[in-house]
Amino acid sequence: MASVAAAPAPRTLLLRHNLLERNDSNAARNRERFAAAGLLVVNVLSAPGAGKTALLEAVARQWRHGPVGVIVGDLATDNDARRLQAAGARAVQIQTGDLCHLEASLVAGAFDQLDCGGMELLLIENVGNLVCPTAFDLGEQLRIAVLSVTEGEDKPLKYPALFHSADAVVINKTDLAAAVGFDRAAALAHLAAVAPHARLFELSARTGAGLEALLHWLEHQRQGAVPACA
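Each residue is numbered by its place in its chain's sequence as written, counting from 1. Confidence filtering applies because this is a predicted model: local features only for residues at pLDDT of at least 70, side-chain atom pairs given and counted only at 80 or more, and all residues used for totals across whole chains, interfaces and linings. Just so you know, side-chain values use all the structure's heavy atoms and leave hydrogens and water out.

Chemist: Is there a simple way to explain the overall build of the protein chain in this structure?
Modeler: Counting its secondary structure elements, the protein chain contains nine helices and seven strands. Projected onto its principal axes, the C-alpha coordinates of the protein chain cover approximately 85 × 50 × 35 Å. The buried label applies to any residue whose accessible area, calculated with a 1.4 Å probe on protein chains only, is under 20% of its type's maximum; exposed applies above 50%, and partly exposed to all values in between. Put simply, the protein chain has 230 residues, and 48% of those count as buried. Working rule for contacts: check all heavy atoms of both residues, and any pair within 4.5 Å makes them a contact. The contacts of the protein chain with a sequence gap of at least 6 include a subset with a gap of at least 24, amounting to 75%. The protein chains shown are the only cover counted for residues, whose accessible areas, like all others here, come from Shrake-Rupley with a 1.4 Å probe. Surface exposure of the protein chain reaches about 11,300 Å², of which carbon and sulfur atoms provide 55%. Within the protein chain, one finds 20 positive and 24 negative side-chain charges whose respective centroids are separated by 1 Å. Only DSSP runs of H or I covering at least 4 residues are called helices, and only runs of E covering at least 2 are called strands; the numbering of each starts at the N terminus. In summary, the charge assignment counts Lys and Arg as positive and Asp and Glu as negative, without counting His or the chain termini. Positions of charges follow a simple convention, taking NZ of Lys, CZ of Arg, CG of Asp or CD of Glu.

Below, the structure is given as structure tokens:
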């Protein structure tokens with residue numbers, strides 16, 4: 001007679017290792033370096049086409065406290081870095097290839113290439129993506145989520161983690177709101193539900209309308225330390 005061995009009892013293995021531990025460690029080192037340099041560092045996140053680069057161009061042109069540094073993340077090309085350099089920013093491009101987000105180690109390498117003498121503000125333009133970048137700490141002090149009126153009012157509900165992680169939300173391209181039928185009341189209600197703590201700025205990076213309020217907030221947030229980066 002054939003015998004069938006009893007199946008072994010299932011076992012449960014608890015894996016308590018943080019998969020982002022290495023990134024978090026690198027982010028902590030970045031944060032120490034940024035603080036030593038007297039920098040306010042802001043991670044700017046959005047979907048592709050929301051107007052991140054245009055917004056950072058406008059900030060670089062109107063910032064009144066020395067040069068603005070920008071670390072730019074894109075899958076390919078250095079188009080955005082060249083645009084920002086033309087706007088007066090000190091920009092370093094990171095080409096991530098097939099990586100859909102920036103990681104702290106990539107930011108550290110780009111920071112090594114950046115001349116931050118006299119600089120108080122460093123902006124990180126993350127890869128255009130509403131999912132992957134949310135989980136990765138880069139060593140920043142603040143996060144800004146950019147929402148374009150052309151994307152629709154429900155983006156905060158569809159991607160709550162990103163908006164909830166933001167210290168501020170910029171509703172961009174307000175000059176196009178009427179043309180695309182943007183429901184402002186619905187968008188504000190969705191943001192209030194998902195990110196009630198976040199400061200809200202409504203502006204047009206193209207026309208400059210509303211930009212002054214964002215600049216004033218950034219000025220208020222910036223560190224008072226004298227930049228130590230040579």
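Back to the write-up after that little detour.
Chemist: Honestly, the environment of Ala187 in this entry has me stumped. Any pointers?
Modeler: Relative to the helices and strands, Ala187 is located in helix H8 (residues 184–194). Placed 16 residues apart in sequence, Ala187 and Ile171 show a C-alpha to C-alpha distance of 9.2 Å.

Chemist: Even after reading the chapter, I still don't get unusual backbone geometry, so can you show me in this structure?
Modeler: For residues other than glycine, phi is negative in most cases, and the peptide bonds are mostly trans. Phi is positive for Thr77, close to 70°, though the residue is something other than glycine. Within the element layout of this structure, Thr77 appears in the loop between strand S2 (68–74) and helix H3 (79–86). Positive phi, close to 65°, is recorded for Lys173, a residue that is not glycine. Within the secondary structure layout, Lys173 lies in the loop between strand S6 (168–172) and helix H7 (177–180).

Chemist: Please explain the sheet that holds strand S4 (residues 121–125) as it appears in this structure.
Modeler: Neighbouring strands of a sheet are bound in pairs by backbone hydrogen bonds; such pairs are parallel or else antiparallel. Any two strands are treated as partners once DSSP identifies two or more bridges connecting them. Here seven strands make up an open sheet; going across it, the order is S3-S2-S4-S1-S5-S6-S7 and the pairing parallel. The open sheet has two free edges, formed respectively by strand S3 (90–95) and strand S7 (199–202), since each of these has just one partner strand. Sheet twist, expressed as the mean angle between neighbouring strand axes with direction ignored, is 20°. Between N-to-C directions, angles span 0 to 180 degrees; the directions come from axes that are lines fitted to C-alpha atoms, helices contributing only their stretch in contact.

Chemist: Explain H8 to me, please; I cannot follow it from the model alone.
Modeler: Along H8, the positions that sit buried rather than exposed are Ala187, His190, Leu191 and Val194. Axial view of H8: buried residues confined to an arc of 100°, hence all on one face. Structural note: H8 exposes Ala185 and Ala193 on the side pointing more than 90 degrees away from its buried face. Those residues of H8 that are buried are in contact with helix H5 (155–158), helix H6 (160–164), S6 and S7. It is the directions from the helix axis to the C-beta atoms that the arc portrays.

Chemist: Would you explain H3 in this entry?
Modeler: Three or more residues of H3 are buried, namely Asp80, Ala81 and Leu84. The arc enclosing the buried residues of H3, seen along the axis, measures out at 100°, which places them on a common side. Where H3 is buried, its residues touch helix H2 (52–62), S2, S3 and S4. Gly88 sits one or two positions beyond H3 and adopts a positive phi of about 100°.

Chemist: Which parts of the structure should I look at to understand the pattern of salt bridges?
Modeler: When the charged atoms of two side chains lie near each other, side chains of opposite charge can form a pair. Salt bridge criterion: a side-chain nitrogen from Lys or Arg within 4 Å of a carboxyl oxygen from Asp or Glu. For the structure shown, the criterion picks out twelve salt bridges. Between Glu219 and Arg64 there is a salt bridge; the shortest N-O distance is 2.8 Å. Taken as a pair, Glu219 in helix H9 (residues 211–221) and Arg64 in the loop between H2 and S2 lie far apart in primary sequence, 155 residues in all. With relative accessibility at 49%, the residue Arg64 sits in the partly exposed group.

Chemist: Help me understand the confidence of the model for the protein chain, please; the structure alone is not making it clear to me.
Modeler: Predicted coordinates in areas of low pLDDT are best not read in detail. Each residue carries a pLDDT value, the predictor's own confidence for that position, ranging from 0 to 100. Summarising the model, the protein chain shows a mean pLDDT of 92, and 91% of its residues fall at 70 or more. Across residues 225–230 the pLDDT falls below 50, and counting only partners more than four positions away or on other chains, this stretch makes twelve contacts in the model.

Chemist: Could you clarify how one ought to interpret the layout of surface pockets in this entry?
Modeler: A water-sized probe rolled over the atoms picks out the places where empty space is left. One number sums up the size of the largest pocket: a volume of about 150 Å³. For cavity detection a 1 Å grid was placed over the protein atoms alone, and a set of points counts as a cavity when a 1.4 Å probe fits there but cannot get out; an open set counts as a pocket when protein lies on both sides within 12 Å along at least five of seven lines, with lining residues being those that have an atom within 4 Å of a point. In terms of lining residues, the largest pocket is bounded by 16 residues, among which Pro48, Gly49, Lys52, Asp80 and Glu125 are the most central. Secondary structure elements with two or more residues in the lining of the largest pocket: H2, S2 and H3. By residue number, the principal contributor to the lining of the largest pocket is H2, which donates three residues. A breakdown of the residues in the lining of the largest pocket according to their chemical character gives five nonpolar, six polar and five charged. Grid points are joined across faces, edges and corners, and a volume is the space filled by probe spheres set on the points. Polar here means any residue other than Ala, Val, Leu, Ile, Met, Phe, Trp, Tyr, Cys and Pro, which are nonpolar, and Asp, Glu, Lys and Arg, which are charged; Gly is therefore polar.

Chemist: Help me out: how do you make sense of the nonpolar core in this one?
Modeler: Most often, soluble globular proteins have nonpolar side chains that are buried together. The nonpolar core is taken to be a set of buried Ala, Val, Leu, Ile, Met, Phe, Trp, Tyr and Cys residues, with the residues joined through side-chain atoms within 4.5 Å. Core analysis: the biggest nonpolar cluster contains 32 residues, and Val42, Val70, Ile144, Leu214 and Leu218 have the highest contact counts within it. Put simply, the parts of the chain that give this core at least two residues each are strand S1 (40–46), H2, S2, H3, S4, strand S5 (142–148), S6 and H9. Residue contacts for Val70: discarding those within four places in its chain leaves Leu56, Leu84, Ala89, Arg90, Ala91, Val92, Leu122 and Leu123.

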